[in-house]
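# Commentary on secondary and tertiary structure
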Amino acid sequence: MRIVLLGAPGSGKGTQAQRLIDKYGVPQVSTGDLLRAAVAAGTPLGLHAKATMDAGRLVDDETMLGIIRERLAAPDAKNGYILDGFPRTIPQADGLNALLAEIGQPLQAVVLMEVDGEQLFRRLTGRRTCKACGRVFNVYTAPPSVPAPCGGRCETPDLFQRPDDSEATIGKRLDVYAAQTRPLVDYYDARGLLAKVDAEGDIDVVTGRLEAALAAAGAGR
Ligand code: AMP
């Protein structure tokens, strides 16, 4: 499976990707997670990216393509991957095409996760992450007590809010999505790769819609 989950911040890409990895046996490749890990580890990449991320802007395309080239070459990605948060610009999409053409493994599908703007704002302001296991909760829709804290992994989850999920930065991130990432919808539609999924409502129901869309696109294996 070689797919991209496309959608605004808060559309549920990460949450749904985490549900697909077990079923399809491929890793989730989240460029946001890779960057946050680099920031936490204080690597040169992390130092380069931190201020940009905190401001809700995009890290430059060259850096992002370097990260993705390295990550897709890792052994666990040899049978495929779920790209989450990449590509985010047309040059990134062009770079990804070139990279995948080199290895003769083109994308199978790009799924747009559709959620209306008001919902996105609520999801992002309510988002909390468990420090220990990285599991994501939402104070409005999926509080840590439902189901059991961290699926039983962490007794008492130590929750934090991502710095870029502050109300001040969310508006900026949604504007950046509209200006720089949303054009990828037409880009992939023109290439016959785009599928759209209604990503509002119950998480399990959305997973079902996503799996159906992947099967219809011939990517559900
Ligand atoms: P995310 O977790 O996907 O919302 O990403 C968090 C932040 O990391 C974004 O707001 C950007 O600053 C940065 N980032 C993640 N992926 C990319 C990408 N493909 N291109 C540029 N910046 C990115």
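Throughout, a residue's number is its position along its own chain's written sequence, starting from 1. Restriction of local features to residues with pLDDT of at least 70 applies here, the model being predicted, together with a cutoff of 80 or more for giving and counting side-chain atom pairs; totals for whole chains, interfaces and linings are based on all residues. Working from all heavy atoms in the structure, the side-chain values ignore hydrogens and water.

### Considering the layout of surface pockets
The line we're drawing: Lining residues are those with an atom within 4 Å of a point, where the points come from a 1 Å grid over the protein atoms alone and group into cavities, where a 1.4 Å probe fits but cannot get out, or pockets, open sets with protein on both sides within 12 Å along at least five of seven lines. Grid points are joined across faces, edges and corners, and a volume is the space filled by probe spheres set on the points. Numbered from the N terminus, helices here are DSSP runs of H or I no shorter than four residues, and strands are runs of E no shorter than two. Throughout this entry, Asp, Glu, Lys and Arg are counted as charged residues, while Ala, Val, Leu, Ile, Met, Phe, Trp, Tyr, Cys and Pro are counted as nonpolar. The remaining residues, Gly among them, count as polar.
Empty space within the second largest pocket amounts to approximately 240 Å³. Mapped by element, the contributors of at least two residues to the lining of the second largest pocket are α2 (31-41) and α3 (44-54). Of all the elements, α2 adds the most residues to the lining of the second largest pocket, at five residues. Across the lining of the second largest pocket, the residue classes break down as six nonpolar, no polar and six charged.

### So, the pattern of salt bridges
Our working definition: Salt bridges are counted wherever a side-chain nitrogen of Lys or Arg sits within 4 Å of a carboxyl oxygen of Asp or Glu. Buried, partly exposed and exposed residues are distinguished by accessible area as a fraction of the type maximum, computed with a 1.4 Å probe on protein chains only: under 20%, between the cut-offs, and over 50%, respectively.
A complete count under the given rule lists eleven salt bridges for this structure. In this structure, E211 engages K23 in a salt bridge whose closest nitrogen and oxygen atoms are separated by 3.4 Å. One end of the pair, E211, is in helix α9 (residues 203-216); the other, K23, is in helix α1 (residues 13-24), with 188 residues separating them in the sequence. For K23, a relative accessible area of 52% translates into the label exposed. Between D54 and K50 there is a salt bridge; the shortest N-O distance is 2.5 Å. With D54 and K50 both in helix α3, this residue pair falls four residues apart, about one helical turn. For D54, a relative accessible area of 28% translates into the label partly exposed. Residue K50 is classed as partly exposed on the basis of its relative accessible area, which comes to 38%. Each of the salt bridges in this network shares a partner with another, and the network as a whole consists of R127, R162, D164, D165 and R173.

### Quick look at the sheet that holds strand β2 (residues 28-30)
Keep this limit in mind: Here, any two strands with at least 2 DSSP bridges between them count as paired. In this analysis an axis means a line fitted to C-alpha atoms, helices contributing only their contacting stretch, and an angle means the value between N-to-C directions, from 0 to 180 degrees.
Here five strands make up an open sheet; going across it, the order is β2-β3-β1-β4-β8 and the pairing parallel. At either margin of the open sheet sits one strand with a lone partner, and together these are β2 and β8 (194-198). Looking at each pair of strands side by side, their axes are set apart by 25° on average, direction ignored. In the sheet, strand β4 (residues 109-114) pairs with β8 via five bridges, with the strands oriented parallel.

### What about the site of the ligand?
Rules: Definition of nearness: a residue and a molecule or strand are near each other if at least one heavy atom of the residue lies within 4 Å of the molecule or strand. In protein, a polar contact requires one atom able to donate a hydrogen and another able to accept it; more generally it is a pair of N or O atoms within 3.5 Å, and residues adjacent in sequence count only if both atoms are side-chain atoms. Exposure was quantified through the Shrake-Rupley algorithm and a 1.4 Å probe, taking into account, for residues, occlusion by the shown protein chains and nothing else.
For the ligand, the set of nearby residues contains 16 residues, the closest of which are T31, R36, R57, G85 and Q92. Contact between the ligand and R36: an oxygen atom at 2.9 Å from a side-chain N or O atom of the residue. Across the complex, the protein chains shield 96% of the 480 Å² of accessible surface that the ligand would expose by itself. If one sorts the elements of the shell around the ligand by residue count, α2 sits on top with four residues. Split into classes, the residues belonging to the shell around the ligand amount to six nonpolar, four polar and six charged.

### Quick word on empty space enclosed by the protein
On inspection of all chains with the given rule, the structure shows one cavity of 30 Å³ or more. By volume, the largest cavity amounts to about 70 Å³. In this structure, the largest cavity is lined by L5, L6, G7, P9, K13, G85, F86, P87, R88, Y177 and T181. For the lining of the largest cavity, the secondary-structure elements that each account for two or more residues are β1 (2-6) and α7 (167-181). The class makeup of the residues in the lining of the largest cavity is six nonpolar, three polar and two charged.

### With respect to the sheet that holds strand β5 (residues 127-130)
Formally: A contact between two residues is defined here by any heavy atoms of the two lying within 4.5 Å.
Pairing in this open sheet of three strands is antiparallel, and the strands run β6-β5-β7 from one edge to the other. The sheet is open, and its two edges are formed by β6 (136-138) and β7 (159-160), each paired on a single side. Where helix α6 (residues 117-126) meets the sheet, its contacts fall on β5 and β6, and the angle it forms with β5 comes to roughly 35°.

### With respect to the pairing of β4
Where burial is concerned, most of β4 is hidden: five out of the six residues are buried. Sheet topology places β1 next to β4; four bridges connect them, and they run parallel. Its bridge partner being in β4, I3 is matched across the sheet by A109.

Read these as layout, nothing more, since geometry by itself doesn't imply function.
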